[in-house]
Amino acid sequence: MSGDHDDVVSTPDHGDVQVEPVQPVQPVVAAPVVPVVTATSIRRFAPDAVIAALVGLVLTVIGLIAITRAGIDDPIEQPVVEVLGFTHTTWLGAIEVAIGLGLLLSGAARSRGGAILFGSILGVGAFVGAVQQDSFDESLALESSFAWLLVIAGAVVVLAALLVPRTISRTERVTTL
């Protein structure tokens, strides 16, 4: 081929084919890098933990009032005092404070296992106290009606820990500098 016919190519099957000259490619210019800040916030809500903490708080306050009124100077099963219309001894107050603090801490830590454990102890112990009231009449001064209230409270804590779903929401905010 000669220099005049640089853009014509012969092929055996199709004859002469016209070839277009190649255009130079423009270089790709990268966009400037813009610094960004991403802030992520996660909100968690555990209604079961709130229920456990509230029951624990109420139980702890009732127990502390009973201990304060009954005192710790005399024998621990004497005197018998009233708190919210129910009879208590220092023993019963101490038991309420122990279980109440366990529930309060379980709620604060959002621990389902802790809420189930302390709610079960509360419910089962109160159930035994309700059906065997005569056995605990002198040492705890536990009334059957108060024991049944505690059974319900323990059942509510356990059922909430087992059945109530928890929610998590995530929010991202991107800001350019």
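**Focus on helix α3 (residues 112–131)**
No. 1: Between its first and last C-alpha atoms α3 spans 28 Å; for 20 residues at 1.5 Å apiece the expected length is 28 Å, and the two agree.
No. 2: The complete set of buried residues in α3 reads Gly114, Ala115, Gly119, Leu122, Gly123, Ala126, Gly129 and Ala130. In an axial view of α3, the angular spread of the buried residues amounts to 150°, which keeps them on one side of the axis.
No. 3: Looking at the packing, one finds that the buried side of α3 touches α1 (47–70), α2 (90–108), α4 (133–136) and α5 (144–163).

**Some details on the environment of Ala53**
No. 1: Mapped onto the fold, Ala53 is located in helix α1.
No. 2: For Ala53, a relative accessible area of 18% translates into the label buried.
No. 3: Put simply, Ala53 and Leu104 are 51 residues apart on the chain and 4.2 Å apart in space, counted from C-alpha to C-alpha.
No. 4: Residues in contact with Ala53, not counting those within four places in the same chain, are Leu103, Leu104 and Gly107.

**Observations regarding the packing of aromatic side chains**
No. 1: By the definition in use, this model includes 2 aromatic pairs.
No. 2: Ring centres 5.7 Å apart and planes at 80° place the aromatic pair Phe127 and Trp148 in the edge-to-face group. Taken as a pair, Phe127 in helix α3 and Trp148 in helix α5 lie far apart in primary sequence, 21 residues in all.
No. 3: For Phe127, a relative accessible area of 42% translates into the label partly exposed.
No. 4: Relative accessible area serves as the criterion here: at 37%, Trp148 is assigned to the partly exposed category.

Conventions we followed
- Residues numbered from 1 in each chain as written.
- Predicted model: local features only at pLDDT ≥ 70, side-chain atom pairs only at ≥ 80, totals over all residues.
- Heavy atoms only, no water.
- Helix = DSSP H or I, 4+ residues; strand = E, 2+ residues; numbered from the N terminus.
- Expected span 1.5 Å × (residues − 1).
- Buried < 20%, exposed > 50% of the residue type's maximum accessible area, 1.4 Å probe, protein only.
- Arc of directions from axis to C-beta.
- Contact = heavy atoms within 4.5 Å.
- Phe/Tyr/Trp six-rings, centres within 6.5 Å; stacked < 30°, edge-to-face > 60°.

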